[in-house]
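# Per-entry structural report
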Amino acid sequence: MRFLHRDLFDSHIQREFSRALKTAAFMPSRLPFLVRALRDQERAARLRARLAKEGLEVPPLLIISITRRCNFNCAGCYSKILHQDEGEEMSPARFEELLREATELGVSIVMLAGGEPLTRKELLDIAARHQHITFPVFTNGSLIDEEYAAFFGRHPNLIPVLSVEGGQHETDLRRGYGSFDAFRDAAWVLNRNHVYWGVSITLNSTNYSLALSSHYARDINSLGSRLFFYVEYVPITADSLQLVLTDEQKLELEKRINQLKRDVSALFIAFPGDEDQYGGCLAAGRGFLHINPSGRVEPCPFAPYSDADLRCSSLKEEIGRAHV
């Protein structure tokens, strides 16, 4: 299936990187990276356009869950419920090969998730060497110490994205007592090391008003965050259905995000809210693919169904199959 809105998606990515340049004015040490990253995005988009003419539609984005391990036990965690033990996790050698394949195909953004990705430092070391790819690293932040902060400071293509649920009450309720304090400690040490970082907020029906308020965004922005990911809650069990956004909240989401962009000097990205402009869901290769910790290719992290294993095939082969 051809992605009819590829040019729009590519231009949106480049526009967001241009916005990142403006929001990073407070951190001159990160400007060279962001300038280079913008050029890398443009170069990758040209490569994807050429491959599309040859019949291969390459998504600009991969999501790789690099581990099932996690030191937290968050309520309703999709990873622990959906991604049960499926064998050995991806080896460092295969991860290296996968990133090399991704670069050659024009994949320009790889989101690293888990579990807790900071438990696999050897894979982050590999990612750091692939400087033409930008890696948002979705982490609970509790493992970020001076050593890890210095690592992110040396490798700006890895961007730590700290998970919060709102304020202290909301975050500790879902993630455990002390989680919000751990987030603040991580923010402090990242700022000390001049790291460009962001937050990821799981939007549900109860934290919606707080998390999307300009007051809250300014507070988090004042802690140093220049990037906000809003991810709509996906119910995993029947007893969590009440947390799904209401129809009214979903309809209002774009308006809220646009207001935040006007009020706060940061990037604001909503999933799947931003997908509407591209004709619907971007999973299954239309905009991204998900690779689970064992190396199996899935439509997205919330759809753990696969008949493709990257331990036995190449990324190019599986991208081609996704569009058949």
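The shown structure was predicted, so the numbers you read here are calculated from the model rather than taken from an experiment.

## Section: the packing of aromatic side chains
Tallied over the entire structure, the rule returns nine aromatic pairs. Ring centres 6.4 Å apart and planes at 20° place the aromatic pair F228 and Y230 in the stacked group. For the pair formed by F228 and Y230, the shared burial category is buried. Plain terms: the ring middles of Y230 and F268 are 6.5 Å apart, the flat faces sit at 10° to each other, and that makes the pair stacked. With Y230 in strand β6 (residues 227-232) and F268 in strand β7 (residues 267-271), this residue pair connects regions lying 38 residues apart in the sequence. Take F268: its relative accessible area is 0%, and that puts it in the buried class. Following the ring pairs from residue to residue traces out a cluster consisting of Y148, F151 and F152. Its end group placed over the ring of F151, K121 keeps NZ or CZ at 4.3 Å from the ring centre.

## Side note on the pairing of strand β5 (residues 198-203)
In terms of burial, β5 is a largely internal element, six of the six residues being buried. Residues G198, S200 and T202 point to one face of β5 and V199, I201 and L203 to the other, with burial holding for every one of them. Taken together, the four bridges between strand β4 (residues 158-164) and β5 define a ladder with parallel strand orientation. The residue of β5 that forms the bridge with S163 is S200. Judged from the five bridges that link them, β5 and β6 form a sheet pairing that is parallel. Across the sheet, residue V199 finds its bridge partner in β6, namely F228.

## A closer look at the environment of Y230
Overall, Y230 belongs to the buried group, its relative accessible area being 0%. Sequence separation between Y230 and F271 is 41 residues; the distance between their C-alpha atoms is 6.1 Å. If near-sequence neighbours (up to four positions away) are discounted, Y230 is found in contact with I201, L203, A211, L212, I257, L260, F268, I269, A270 and F271. A distance of 2.8 Å separates a polar side-chain atom of Y230 from the backbone oxygen of A211.

## What to know about the side chain of D172
Tracing the backbone shows D172 in helix α7 (residues 168-175). A polar atom in the side chain of D172 sits 3.1 Å from the backbone nitrogen of S179. A polar contact is formed between the side chain of D172 and the backbone nitrogen of F180, at a distance of 2.9 Å. Not counting the four nearest positions on each side in its chain, D172 is found in contact with Y177, G178, S179 and F180.

Rules used throughout
Residues numbered from 1 in each chain as written. Predicted model: local features only at pLDDT ≥ 70, side-chain atom pairs only at ≥ 80, totals over all residues. Heavy atoms only, no water. Phe/Tyr/Trp six-rings, centres within 6.5 Å; stacked < 30°, edge-to-face > 60°. Buried < 20%, exposed > 50% of the residue type's maximum accessible area, 1.4 Å probe, protein only. Helix = DSSP H or I, 4+ residues; strand = E, 2+ residues; numbered from the N terminus. Lys NZ or Arg CZ within 6 Å of the ring centre and 35° of its normal. Pairing = 2+ DSSP bridges. Contact = heavy atoms within 4.5 Å. Polar contact = N/O pair within 3.5 Å; in protein donor to acceptor, adjacent residues only side chain to side chain.

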